[in-house]
Amino acid sequence: MSTPSNLLRIVLLARTATSAVPLQEMESLRETAATQPNVSAAAFAFSEEGTPSLRTVLMEWAEAEATPIVIVPWLSPAEPSFEIWIQRTVARWQLEQPRSWPEIRVAPFPGSRIEMRDLVAALVTSPEIKPLKAAKPAGTDGSIVPAQKRRVLVCMGGPCHAVGAAVVWGHLRNEQKRLALRTTGDGMMSARTSCLGPCSLAPVVQVWPEGTMYGGVDEAAVDSIIDSHLLKGEIVERLAYAPPGATHRLR
């Protein structure tokens, strides 16, 4: 399909959102982006937990037309590692899905724009500023200890984060919600954690109570771990690394 060369498709990319209010905010921003004269389509997406994921939007748009896609990182303050993550992760998706991809660009971070000064000035003088509510005494309600048998830990140490642990975490959480994994089978809970140890196997995921360590995990690996280990109790041997005390290298 041929398209005017000056048109763009815009993806507003935030880290995470799962409740109604932030999703409504992202939809409002998407509507604003869609009204710009050089924009043929606009969407919002999330790099971690939340739907749609960036991967979902890019895969759908890659099949539609050749109009360039601009990813707008909706994040402040700027984190250079976030832009590096975008570049590496999108490159991996392009290798996994060989096709004629449209050109993909990355917009500046909001905080780098001079217009942010006007926004800050408007916020600190806003008539909508309101005081915090007075603190209430701590409640006496108890808490239920989770009965789920399985715990899935996603490493967020430096090496894992650098090679895409955030998108692994986001995909796991989205699938956990979609498949109701907390109450399906033995039930499971998930958590992000600091370094799990085998940094050369990044991204690393560990599943308890077996303590199974999985390395080189991506979205497809998460799907396999869910289908086999979480739902059937069967370790995914091709992704698992035994703990004999010897050095492992990523297969």
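Everything numeric in this text was worked out from a predicted model, so none of it was measured. (Residues numbered from 1 in each chain as written. Predicted model: local features only at pLDDT ≥ 70, side-chain atom pairs only at ≥ 80, totals over all residues. Heavy atoms only, no water.)

### Observations concerning the sheet that holds strand β8 (residues 212–214)
Spatially, the five strands line up as an open sheet ordered β6-β5-β7-β8-β9, and their pairing is mixed. Across the chains shown, the open sheet's two edge strands, defined by having one partner strand only, are β6 (188–193) and β9 (240–241). Lying on the sheet, helix α6 (residues 165–178) is in contact with β5 (150–155), β6 and β7 (205–208); it crosses β6 at an angle near 160°. (Pairing = 2+ DSSP bridges. Helix = DSSP H or I, 4+ residues; strand = E, 2+ residues; numbered from the N terminus. Contact = heavy atoms within 4.5 Å. Axes fitted to C-alpha atoms, helices over the stretch in contact; angles between N-to-C directions.)

### Details of the sheet that holds strand β1 (residues 8–14)
Strand order in this open sheet of four strands is β2-β1-β3-β4, and the pairing throughout is parallel. What marks the edges here is a single partner per strand, and that holds for β2 (39–46) and β4 (104–106). Across this sheet, the average inter-strand angle for adjacent strands is 25°, counted without regard to direction. Pairing of β1 with β2 involves seven bridges; the strand directions are parallel. Residue pairing for β2: I10 is matched across the bridge by A42.

### What about the pairing of β1?
Two faces, one strand: in a regular strand the side chains alternate between the faces of the sheet. Extensive coverage of β1 is indicated by the burial of seven of its seven residues. Where burial is concerned, the two faces of β1 agree: the one with L8, I10, L12 and A14 and the one with R9, V11 and L13 are both buried. What joins β1 to β2 is helix α1 (residues 20–34), and the crossover it makes is right-handed. (Buried < 20%, exposed > 50% of the residue type's maximum accessible area, 1.4 Å probe, protein only. Right-handed = clockwise from strand over helix to strand, strands pointing away.)

### A closer look at the nonpolar core
Of all hydrophobic cores here, the largest spans 22 residues; its most connected members are L13, L54, L58 and W85. A per-element tally of this core places helix α2 (residues 54–64) first, with six residues. Contact partners of L58, with chain neighbours within four places excluded, come to I69, I71, V90, W93, W101 and I104. Counting 19 residues, the second largest nonpolar core, distinct from the first, contains V168, V207, V217 and V236. (Core = buried A, V, L, I, M, F, W, Y, C linked by side-chain atoms within 4.5 Å.)

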